[in-house]
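Observations on chain architecture
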Amino acid sequence: MIKKARKYIFVVGGVLSGVGKGITTSSIAKILQSRGFKVTCAKIDPYINVDAGTMNPTEHGEVFVLDDGYETDQDMGNYERFLDVTLPSINYITTGRVYQSVIDKERALKYKGKCVEVVPHIPLEVIERLEKATRKAGAEITVVEVGGTVGEYQNILFLEAARMMKINNPGDVAFVMVGFLPVPSKLGEMKTKPTQYAVRTLNSAGIQPDIIVARSGYPLDKKRKEKLSTFCNVRTEDIISAPDLDSIYDIPVNFIRDKLDQRLLSTLDLKSRKTNLQDWRTFGRKVKAKKRPVNIAIVGKYFDSGDFVLSDAYISVIEALKYSAYAQNREPVLTWLNSKNFEDDKKVLDTLKEYDGILVPGGFGSSGVEGKMKVIKYARENKIPYLGLCYGMQLAVLEFARNVVGLRSASTREIDTKAKHLVIDVMADQEEALDGDNYGGTMRLGAYPCVLKRGSIAHQAYDRNRVKERHRHRYEVNEEYVERLEEAGLIFSGKSPDGSLMEIMELPLSEHPFFVGTQFHPEFLAHPLNPHPLFTAFIKAAKKRGSK
Ligand code: GLN
C-alpha cells in the first residue's frame, strides 16, 4: 500500500500580533476543505500554561472548551466553526504541555537513559503531536497556526520543529507568513519594510515563506507586490492581498479569488480538485443582506479592563447569537451591559425594556452577581426572552429560589459558603480538587449527555430526546432543592442520564415566552452553517417580542 502523503501548512505571524492569523488559518483550511481535501487545524500557543483554563478572560479572551474537555484558546473555536468539525485536544499545543509530557516521558525512562535536551527533544515532541493530530483526523492537510510573532524568543522551538519537518519532507511542508503593511496617516502610503524585516527574521530561523499574506487596511497594489517579491524572495503570485473586510466570512472567498488555494496546492504538489463553497457563500450573503434588527442585551462583568477587547471574552456567545439571527433574516444588534450598573439604580433596570432579549453568559466569582440577579428578575417578571448560560443558569435558579420559592438566603457556595440555603453547591469530586488547590483542568469539562423532557421548550428546540453539550463549571444545582423548585413551577427540562444533575432549566410557556438556562455552554457548538437550536429558539422569541 502506498503511504498517503500528509501535508502540513504552517501559518506564522510577522510584524505584530492581532492581524488575523487565526482567521487566516481557518480560512486557508476552509478553502482547502472546500476543494474536497480532508483538513484539520492545530494551534500552538507558546505560553507555559498547560492549558488556557487557568487564565483570566481579561488576560487571554475566551477559554474555548473541546468535546474531550480540554480548555483551549479561542482560535480552536474559529477552526471548528469555519470547518464545521469537532477537534480533539491533541490539536492544541502549549509550551507547558510539551515540556510536561517530555518530563513525564523522561521520568518513565522512555528516552532509554539518554540525556534529554531542549533541542532536539522538545521540537521532536511537537512533531510527534502534530503527526498524531493528523493521523487522528485522517487529515490530508493539517494547517498549523504558530502563536506569537516571529522573532519572539518564545516560539523559536516551534519554528525549529517546523523547520525540521520541512528538511525531512520538503514537498510536504509549506510556510505562510502573515505580515502587516501599515499605512502611516502622515505619509498616506502603504509601507512594506516591516514585512520585509519579518521575513528576514523568519529566514534567520532557517525558514523561507512560500506564501505571504499581506494584511493591511487596503488592498495591495502591483508596485508593492513586486517590492515584497524582490526583497522577500517570494513570487508575486504567492503574495496574497488581504485587506480589512467587513465580514470575516468573506475572507475564504477573497483568498479563492486571489488563487491562494491553487498556490498552496501547487506548493504541496497536490492535484487540484473542484471547489464547492456554495453553502459558505450563501451564508456570507445572508450576513451582508439588509435586514431588520433583533436587539439583544448581554449582561456580564468582564467589561472593565483597560484596552482589553470585550468581544474576545465572549466570542463564541457572540457568534452563536449572530448565526441564529442570520438564519432568521435578522441583523443581530448586541449591546453590552455591565451588571454592576444594575446593582442599586432601579431606573437603569427599566432600560432593559428596550431589548428583545437578554442573555447572561458564564462567569465566576461574586463581582457583579447581585446586578445580574436583578436583571434576571426583571426579565422574568417583565416576560423578556431570557437565555442564561452556565452561571447565567445558576443565577436564574437562585433568583427563582429567592423570589418565587421564598428562600431569601438562597446562594451558591462559590460566593457564600455559609448561606443557609446552598441551592447551588459544589460537586463532590470538585471539593477534593479545591481542597488540594488543584485548579488546573479539574472543573466538570467537556461534552456530557443530557436527556430532554418531552414537550419542553428545550425538547422542541432540539427536536431530539438526548443531546451532548460542553461543560465548564464546578458548581451545580443542589439536588436537595429540586423538588421545592419544581413544585413552585420551575422545570428542569434537561438532566444527566441518571437524573442527578440539572442541565437545563426553563419556565413554562404559560408563564413566560422564553426563559431558559443551561448548565452547559451551547455556544461552543454553534457553527455558521449549523446554528445552535437553543440560540435559534431564543432569537425566535426575541424576534416575536420585537415585532410587537
Ligand atoms: N462559576 C460557575 C461554576 O463554576 C459557573 C461557571 C461558568 O459560567 N462557566 O460552576
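See the structure printed just above.
The next subject is helix H20 (residues 533–546). Along its 14 residues, H20 runs 20 Å from first to last C-alpha, staying within 8% of the 20 Å computed at 1.5 Å per residue. All buried positions along H20 are accounted for by Leu534, Phe535, Thr536, Ala537, Phe538, Ile539, Ala541 and Ala542. Tucked inside the fold, the buried residues of H20 contact strand S10 (292–300), helix H13 (315–327), strand S12 (357–360), strand S13 (386–389), helix H18 (457–462) and strand S21 (515–518).

Ranked by size, the top nonpolar core spans 81 residues in total, and within it Ile9, Ile28, Leu32, Val143, Phe255, Leu321 and Leu359 carry the most contacts. For Ile28, the residues in contact, after removing those within four places along its chain, are Ile9, Val11, Val143, Val176, Phe255, Leu260 and Leu264. By size, the runner-up hydrophobic cluster in this structure holds 41 residues, among which are Val299, Val369, Leu407 and Leu490.

Turning our attention to unusual backbone geometry. Geometrically, the link from Val119 to Pro120 is a cis peptide bond, its omega value of 15 degrees lying close to zero. Within the secondary structure, Pro120 is located in helix H5 (residues 118–137). You will see that Asp84, though not glycine, has its phi angle at about 60 degrees, which is positive. In this fold, Asp84 is placed in the loop between helix H3 (74–83) and strand S5 (92–94).

Now for the sheet that holds strand S14 (residues 410–412). Spatially, S14-S15-S18 is the arrangement adopted by the three strands of the open sheet, whose pairing is mixed. At either margin of the open sheet sits one strand with a lone partner, and together these are S14 and strand S18 (475–477). Taking each pair of neighbouring strands and ignoring which way they run, the sheet shows an average axis angle of 30 degrees. As defined by bridge partners, S14 adjoins strand S15 (residues 421–426) across three bridges and the pair is classed as parallel. Looking at the pairing, Ser411 lines up with Leu422 of S15. Relative to the sheet, helix H16 (residues 391–405) contacts S14, S15 and S18, its axis offset from that of S14 by approximately 160 degrees.

Rules used throughout
- Residues numbered from 1 in each chain as written.
- Predicted model: local features only at pLDDT ≥ 70, side-chain atom pairs only at ≥ 80, totals over all residues.
- Heavy atoms only, no water.
- Helix = DSSP H or I, 4+ residues; strand = E, 2+ residues; numbered from the N terminus.
- Expected span 1.5 Å × (residues − 1).
- Buried < 20%, exposed > 50% of the residue type's maximum accessible area, 1.4 Å probe, protein only.
- Contact = heavy atoms within 4.5 Å.
- Core = buried A, V, L, I, M, F, W, Y, C linked by side-chain atoms within 4.5 Å.
- Pairing = 2+ DSSP bridges.
- Axes fitted to C-alpha atoms, helices over the stretch in contact; angles between N-to-C directions.

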